[in-house]
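Read off the chains here:
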Amino acid sequence: MASSILIKNEARLGLKLVAPAIGIIGLLVIYPIFFNVYLSFFDVQLNGSKTFIGLDNYSDLLANPRYYHSIGVSIIYLLGTVIGTTVLGLAAAVLMNQEFHFRNIARGLILLPYFAPVISVVFGWQFIFDPVNGIYNHVVVDVLHLTDTRENLIGNPDSALFVVILFDIWKHFPIAYLLLLAKLQSVPKDLYEAAAIDGQNAWGRFWHVTLPELKFVIATVVLLRIIWNLNRFEDVYLLAPNVETLPIFTYYQAFAGIVDQGGAAAISVIQLLVLVGLIWLYVRKVLKW
Amino acid sequence: MMMNKRTPIQSVILYTLVISLVLFCVFPFLQILSTSLKHPIDWGNPSLIPRVLHLDAYKELLGLMPAKEIDVPASVQRLLDNPALSAEKKQMLLDKFTSNDEVFAFGRYMLNTFTISFVTGIVSTFLASLAAYAIARLRFPAQSLMANGVLFVYMVGGVLLMVPLYQMSVTVGLASSASGTILSLFLIYLIQTLPVAMYMLGNYFRTIPFSLEEAAMMDGCSRVEAFWRIILPLSKPMLFTVFIYCFVIAWNEYLFASVFLKQYQDFQTLPLALQTLFTSKNAIWDRIMAASMLTLLPVIICFMLANKHLSGGLTDGGVKG
């Protein structure tokens, strides 16, 4: 049959074309995921030597207060950043959907934080909060006289967490804004006109028209932010290495001080399970590929 | 959004909000620019406008500073003046007083970063375009498994893989040489960019009408030729956007660079080198800020070039960020 040959040829070509990409992904993502599980049962050195220790990595981890502390820090970080980026993104989308002068320039400018490399903005943020020269301390101490002492907000892990959250909101609200604005522009105008005729004011129109229309996209934004921020490393570590979210705790376990690569593998296994659950939710509920 | 005219008060509120939002977004950039142009005595000055324009930081980073006067103690100078000493010995003595510790090899780090980002971008975009075409257009076994697998993979963050990938590289022996380390890093950047590149390109290829390929194949083109002659040229803007996206991911990467390149200082990338510079020395705000500006510039240019397609490409897939 000619058609079955065609189908076979198409299948062969398809496999050939995906082979390099899928091969690399299989070797360097799928295999490492399982290798990671394997490593989590060993005491692993940086030079590669391994000793089987069964479940010790897990029991050590569950008895380690630093682990629970970093889970707590991660939860605060996630709550702050997810709520912050979504709310600011929504506000920015509603604002940028209005007509005003220089709108295109404003729309471009608010994307800057998202596009800028983390490394080239963290030092600017550190300077803003610098105890000696920073504008933050200048405003709080010298202008507003809220306190008498200049604080090193980033030097203290407790306050640094909030600087990190603010930084993350600043850096990532534009992607939430882009997703929400795209949807907002497709909301039919007559819905607003109908609501206006019903006597709704601006707030009522936002509440009864905008929000219900955006519900689905907002859910997407929230879920995506949780997935990305659960693994976020650079933005936190480079700004304030003393804020120990889970990824940073893992990094310290694996590569700093007393190296415990097996322990780090165990943390990653647990975290991956959580992540898989979230991704499953995302693929089921949100995406069609 | 509304047809009716705004009252003056509403206008004032609107513009105030817009200006506050824009200021919030650009203030850190203004701060970086301002500090990079300030003389150290001016750092405590809260105004963003420098009292005196101070370009030394840029000059130093770009290698435009005149070589520093060599400060040699008198006793050593006497030794140097001694004609009995060979030129080689004299040079060795001199080198001790002109150690290169102070010079931050910005150009080298920039070149390292550019090279690995560029190669990552090219290879990733190429491999992804092949795979994305197959997934978008052809029918083959395990197709939907692969399509969904890619999505899954693209959400598994690098942090979860750093231990196994490092151990694999040690086991294979790549981590023990500079070239092997760079190869490892390049492969890691590939997997960090491939899934998202495949996803963006796959979505784009689906928007191209199939009838175009069909017509080409009627005219005697093979499938591969149709892909090469019809689909790829039509996708140029998206290919460029995907390239930029991959380039920037590699340009920004810190985690794996810090794991793999720590002991190979000559091959370090900008994020790693800047972080090392910042933590190892005090009071170098002007140089750090100038370096930040210079690191920022190529990315801003890239995104200005790609912005039109990027905003769409990003939102379609709810891309990483």
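Residues numbered from 1 in each chain as written. Chains lettered and ligands numbered in written order. Predicted model: local features only at pLDDT ≥ 70, side-chain atom pairs only at ≥ 80, totals over all residues. Heavy atoms only, no water.

The next subject is the side chain of Thr193(B). Residue and element names in this part refer to chain B. Position of Thr193 relative to the elements: it lies in helix α8 (residues 178–206). In terms of polar contacts, Thr193 uses its side chain to reach the backbone carbonyl oxygen of Tyr189, at 2.8 Å. Setting aside anything within four residues of it in sequence, one finds Thr193 in contact with Thr120, Ser124, Cys246 and Ile249. (Helix = DSSP H or I, 4+ residues; strand = E, 2+ residues; numbered from the N terminus. Polar contact = N/O pair within 3.5 Å; in protein donor to acceptor, adjacent residues only side chain to side chain. Contact = heavy atoms within 4.5 Å.)

For the rest of this paragraph, the subject is the UniProt feature "transmembrane region" (unreviewed entry) in chain A. Residue and element names in this part refer to chain A. The residues that UniProt annotates with the feature "transmembrane region" (unreviewed entry) are residues 21–41, 67–96, 108–128, 160–182, 214–231 and 251–283. Along residues 160–182 the backbone is 100% helical and 0% strand, and the end-to-end C-alpha distance reaches 34 Å. End C-alpha to end C-alpha, residues 214–231 measures 26 Å, and it is 94% helix and 0% strand. (UniProt positions renumbered as here; feature names shortened; annotations may be inferred.)

On to the packing of helix α6 (residues 118–128) of chain A against helix α1 (residues 8–36) of chain B, then. The relative placement of two packed helices is expressed as an angle between their axes plus a distance between the axes. Look at α6(A) against α1(B): their axes get within 9 Å of each other, and the N-to-C directions meet at 85°. By the criterion of interaxial angle, the relationship of α6(A) to α1(B) is roughly perpendicular. Contact with α6(A), carried on its side by Ser120(A), Val121(A), Gly124(A), Trp125(A), Phe127(A) and Ile128(A), involves Phe27(B), Pro28(B), Phe29(B), Gln31(B), Ile32(B) and Thr35(B) of α1(B) and no other residues of that element. Grouping the amino acids of the contact of α6(A) with α1(B) by side-chain chemistry returns 8 nonpolar, 4 polar and no charged. (Axes fitted to C-alpha atoms, helices over the stretch in contact; angles between N-to-C directions. Parallel < 35°, antiparallel > 145°, perpendicular 65-115°, else oblique. Nonpolar A, V, L, I, M, F, W, Y, C, P; charged D, E, K, R; others polar.)

Residues and elements named next belong to chain B. When the domains of chain B are assigned, the result is domain 1 (8–54) and domain 2 (104–317). The straight-line distance from the C-alpha centre of domain 1 to that of domain 2 is 33 Å. Of the roughly 710 Å² buried where domain 1 meets domain 2, counting both sides, 85% is carbon and sulfur surface. On the domain 1 side of the contact with domain 2, Ile32, Ser36 and Trp43 bury the most area, a combined 60% of that side's loss. Here domain 1 is connected to domain 2 by 0 salt bridges. At the boundary of domain 1 and domain 2, one finds 1 residue pair in polar contact (both at pLDDT 80 or more). Residues of the side of domain 1 that touches domain 2, tallied by class, amount to 5 nonpolar, 3 polar and 1 charged. (Domains from an automatic or database assignment. Buried area = accessible area lost by both parts, 1.4 Å probe. Salt bridge = Lys/Arg side-chain N within 4 Å of Asp/Glu carboxyl O.)

Turning our eyes to something else, we now look at the environment of Thr85(A). With respect to the helices and strands, the residue Thr85(A) is situated in helix α3 (residues 65–96). Spatially, the C-alpha atom of Thr85(A) lies 33 Å from that of Ile197(A), the residues being 112 residues apart in sequence.

As a further point, take the packing of aromatic side chains. Under the definition given, this model contains 37 aromatic pairs over all chains. Where Phe255(A) meets Tyr166(B), the ring centres are 5.3 Å apart and the plane angle is 85°; that geometry is what we call edge-to-face. A residue pair is termed interchain when its members come from two chains, as with Phe255(A) in helix α12 (residues 246–255) and Tyr166(B) in helix α7 (residues 158–172). Overall, the relative accessible area of 13% leaves Tyr166(B) in the buried class. (Phe/Tyr/Trp six-rings, centres within 6.5 Å; stacked < 30°, edge-to-face > 60°. Buried < 20%, exposed > 50% of the residue type's maximum accessible area, 1.4 Å probe, protein only.)

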